[in-house]
Amino acid sequence: MNAFDTALRVQGIVKTFPAVRALDDVSFDVRPGEVHALLGENGAGKSTLMKVLAGMHRPDQGRIFISEEPAILHSPLEAKRLGVVLIHQELSLAEQMSVAENIFLGELPRKNFGMVDWKKLYADAEAILQRLNCDFGPQTRVEDLSIAKKQMVEIARALTVEAKAVIFDEPTASLTDQEKEVLFDVIRDLQAQGVGIVYISHRMEEIFRISNRISVLRDGTYRGTLETVDTNEDEVTRLMIGRSLDTSRGGKVVSTGPVVLKVENLSCGDLFENVSFSVQAGEVLGFYGLVGAGRTAIAEALFGLRRLSQGKVVLNGQEITITSPRHAVEQGLALVPESRKEQGLVLGMSCRDNMTLPQIGNLTTGPFVSNGGEIAIFDRYRDLLSIKTPGWRQLVGNLSGGNQQKIVIGKWLAMRPKVLIVDEPTRGIDVGSKAEIHNLLRELAADGYAVIVISSEMPEILSVSDRIIAMYRGEITREFTADEVTEDNLVQAISGLS
Ligand SMILES: Nc1ncnc2c1ncn2[C@@H]1O[C@H](COP(=O)(O)OP(=O)(O)OP(=O)(O)O)[C@@H](O)[C@H]1O
Ligand SMILES: [Mg+2]
């Protein structure tokens, strides 16, 4: 066990970027063997603080102590050697390399004469993968893995050193429930060995389940630390966003318009089968099910990313065959994808350009793009989605993770599609903005859009949907109206029990 009072401690940290004071006099500590949750709105400074602790950013002011020893960290590798490991919010793997090379990046085991000891490398990596219950081997190339599995490789990296503190920055955002349980076991293991854990997440139920203490950042300032057992979601939320959450449902829709999209007997390989449903203008249709139930595959097929093996798609009374995403967009379909970062953003371009990229066709007058028009669009969606950025020129890569996600959502909304499909709309989004996005989806429906929401979060699906379709293993098991649905019958329907 670690004999020190704190595994990791910071005092008076200040960190500024051009036009942004990301951290303003923040102090914070993690005890050995505790899970310390760090909460705050998108852009509050959580990832920045963690990057300071992990040697990626030098603070402008302030001090860092590891096991009560003052530490000046010049690089992530140095932080790692001193026992502080960060598991990134944005995956930072070398795609072309093997899993084993990634796990031991910068520290590959060497034989005499400096040759890499591949045998040892693979054996050591294999041992760690087994500890994480991974079903892929150490020689697999990272680019061949799913996002969730890449996340497990990130986590595996942390297990290569004798860590004093391990920082998880939104680790569960793309994990299945099963993978999440494996992760929680790993966290409990580390805890039992006296490692201090920092856990960042926007999912309150996780925070209350695994943390011992909760600290809150707001606008780069430290707002306080609470013992998890002595507090509740409401108190934490107020500390985070300065008010209680209004969970009443906004933009109620009573009358709905004509059927906009109707699909009959859609099948796609073994991903889903005989799927039929319709969406009306003015309603939000929710798709609920476990990860892998086929919901995302349906959205991708509608959007021209997958080929249907059977079925009929009717949009505004016309039967259509969608051949590509471009074609889908021309027909008035928009898909806000689940993995927004990978599929939707150019990190080296400005916020405005990312948001108006697919719009350029509409805004062009002759050979010129109307600059004013683009800025107006950007401003509108920045306000609507409360995107935190010093201005439209800021590079998207410099925004916080949650704010990057909002840019992608804004980009699709700005196209004003007839049918808007949103896959996991609030993954990685803070609780305050979450409620705002729910209201926004309801308002879009009230404005006459047909909205399809796919979510794995029960409270989310219950609060936004007028109707809910439950899926289990590629098939629709039940359809509910908002009035008849209950948590119990919904759980039954997605577990194949009803
Ligand atoms: N490299 C950078 N250059 C400029 N600004 C930055 C940079 N990194 C972060 N910022 C800004 O610092 C602030 C804090 O960002 P940070 O990523 O720490 O937020 P966060 O709390 O992790 O949010 P999220 O929940 O969305 O991940 C934001 O305003 C962000 O735009
Ligand atoms: Mg972050």
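All values reported here derive from a predicted model rather than from experimental measurement.

A. Structural view of the pairing of strand S20 (residues 450-455). Among the six residues that make up S20, six are buried, leaving the element largely enclosed by the rest of the structure. On S20, burial covers both faces: Ala-450, Ile-452 and Ile-454 on one face and Val-451, Val-453 and Ser-455 on the other are all buried. Both strand S13 (residues 284-288) and S20 contribute to a ladder of five bridges, which runs parallel. If you follow Leu-285 over to S20, its bridge partner there is Ile-452. Summarising the sheet, strand S19 (residues 419-423) and S20 pair through five bridges and their orientation is parallel. Opposite Asp-423, over in S20, you have Ile-454 as the bridge partner. In this fold, S19 hands off to helix H16 (residues 431-446), which returns the chain to S20; that crossover is right-handed.

B. Structural view of the domain arrangement of the chain. Taken domain by domain, the chain consists of domain 1 (8-241) and domain 2 (259-494). The C-alpha-based centres of domain 1 and domain 2 are spaced at 30 Å. Taken residue by residue, the interface counts 20 residues in domain 1 and 20 residues in domain 2. Note on domain 1 versus domain 2: buried area summed over both sides is about 1500 Å², and carbon and sulfur give 55% of it. At the junction of domain 1 with domain 2, the criterion picks out one salt bridge. The partner of Lys-388 in a salt bridge is Asp-219, and the shortest N-O contact between them spans 3.0 Å. Summed over the shared surface of domain 1 and domain 2, the result is five residue pairs in polar contact (both at pLDDT 80 or more). By residue class, the composition of the side of domain 1 that touches domain 2 is seven nonpolar, eight polar and five charged.

C. Region of interest: the pattern of salt bridges. Under the counting rule described, the total for this entry stands at 28 salt bridges. With a shortest N-O distance of 3.9 Å, Arg-157 and Glu-154 are connected by a salt bridge. Of the two residues, Arg-157 and Glu-154 both sit in helix H5 (residues 147-158), three residues apart, roughly one turn of that helix. Just as Arg-157 is buried, Glu-154 falls in that class too.

D. Spatial organisation of the environment of Ala-334. Position of Ala-334 among the secondary structure elements: in strand S16 (residues 333-336). The residues touching Ala-334, leaving out its near neighbours within four places in the chain, are Phe-303, Trp-412, Pro-417, Val-419, Leu-420 and Ile-421.

E. Spatial organisation of the sheet that holds strand S14 (residues 310-315). With respect to topology, four strands assemble into an open sheet ordered S12-S11-S14-S15, the strand pairing being antiparallel. Looking at the sheet topology across the chains shown, the edges are occupied by strand S12 (272-280) and strand S15 (318-320). In this sheet, adjacent strand axes meet at a mean angle of 20° when their direction is disregarded. In this fold helix H9 (residues 295-302) packs onto strand S11 (259-268), S12 and S14, with an angle of close to 70° to the strand it touches most, S12.

F. Seen up close, the packing of aromatic side chains. According to the stated counting rule, one finds four aromatic pairs in the structure shown. Here the aromatic rings of Phe-184 and Tyr-199 are separated by 6.4 Å at their centres, their planes lie at 65°, and the arrangement is edge-to-face. You can see Phe-184 sitting in helix H6 (residues 177-192) and its partner Tyr-199 sitting in strand S8 (residues 196-200), a full 15 residues away along the chain. When the ring of Phe-303 is compared with that of Trp-412, the centres are 5.8 Å apart and the planes differ by 80°; the resulting orientation is edge-to-face. Here Trp-412 lies in helix H15 (residues 401-413) and Phe-303 lies in the loop between H9 and S14, a separation of 109 residues in the sequence. Trp-412 shares its class with Phe-303; the two are buried.

G. Representation of the nonpolar core within the structure. One finds Leu-261, Phe-277, Phe-287, Leu-302, Ile-407, Val-419 and Leu-490 to be the most contacted residues of the largest nonpolar core, which totals 77 residues. With near-sequence residues (within four places) excluded, Leu-261 lies in contact with Phe-277, Ser-278, Val-279, Leu-302, Val-313, Val-314, Leu-315, Val-419 and Ile-452. Counting residues in hydrophobic clusters, the runner-up holds 40 residues, among them Ile-128, Phe-136, Phe-184 and Val-186.

H. Region of interest: the site of ligand 1. Lining the immediate environment of ligand 1, one finds 21 residues, of which Gly-43, Lys-46, Thr-48, Ser-400 and Gly-402 sit closest. One of the side-chain nitrogen or oxygen atoms of Ser-400 is found 2.7 Å away from an oxygen atom of ligand 1. Notes on ligand 1: free accessible area 640 Å², of which the protein chains cover 91%. Put simply, the parts of the chain that give the shell around ligand 1 at least two residues each are strand S2 (20-30), helix H1 (46-53) and H15. Its residues assigned to classes, the shell around ligand 1 shows five nonpolar, 13 polar and three charged. Inspection of the shell around ligand 1 shows a minimum of three residues originating in each of domain 1 (8-241) and domain 2 (259-494).

Conventions and cut-offs
- Positions within a chain are numbered from 1, following the residues in the order the chain's sequence is written.
- Chain letters start at A and ligand numbers start at 1, both assigned in the order the entries are written.
- Totals for whole chains, interfaces and linings use all residues, but because this is a predicted model, local features are given only for residues with pLDDT of at least 70 and pairs of side-chain atoms are given and counted only at 80 or more.
- Based on all heavy atoms of the structure, the side-chain values leave hydrogens and waters out of the count.
- For every residue, the accessible area (1.4 Å probe, protein chains only) is compared with the maximum for its type, and the residue is labelled buried under 20%, exposed over 50%, or partly exposed between those bounds.
- Comment: elements are numbered from the N terminus, with helices defined as DSSP H or I runs of at least four residues and strands as E runs of at least two.
- What makes two strands pair is DSSP finding at least two bridges between them.
- Whether a crossover is right-handed depends on one test, that the path from the first strand over the helix to the second runs clockwise when the strands point away from the viewer.
- Here the limits of each domain have been adopted from an automatic or database domain assignment.
- Contacts: residue pairs with any heavy atoms within 4.5 Å of one another.
- Reported buried area values correspond to the accessible surface (1.4 Å probe) lost by two parts on association, with both partners' losses combined.
- A side-chain nitrogen of Lys or Arg and a carboxyl oxygen of Asp or Glu constitute a salt bridge if their distance falls within 4 Å.
- We call two N or O atoms a polar contact when they sit within 3.5 Å, provided that within protein one can donate a hydrogen and the other can accept it, with sequence-adjacent residues counted only if both atoms are side-chain atoms.
- Note on residue categories: nonpolar means Ala, Val, Leu, Ile, Met, Phe, Trp, Tyr, Cys or Pro, charged means Asp, Glu, Lys or Arg, and polar means any other residue, Gly included.
- A fitted line through C-alpha atoms represents every axis, and for helices the fit uses only the stretch in contact; the resulting angles, taken between N-to-C directions, go from 0 to 180 degrees.
- Two rings belonging to Phe, Tyr or Trp (six-membered ring only in the last case) form a pair when the distance between their centres is within 6.5 Å. Interplanar angles under 30 degrees mark stacking, angles over 60 mark edge-to-face geometry, and anything in between is tilted.
- The set of buried Ala, Val, Leu, Ile, Met, Phe, Trp, Tyr and Cys residues whose side-chain atoms join them within 4.5 Å is what this entry labels a nonpolar core.
- For each residue, the test is whether any non-hydrogen atom lies within 4 Å of the molecule or strand; if one does, the residue is near.
- The method behind every accessible area is Shrake-Rupley, applied with a 1.4 Å probe, and residues are considered shielded solely by the protein chains displayed.

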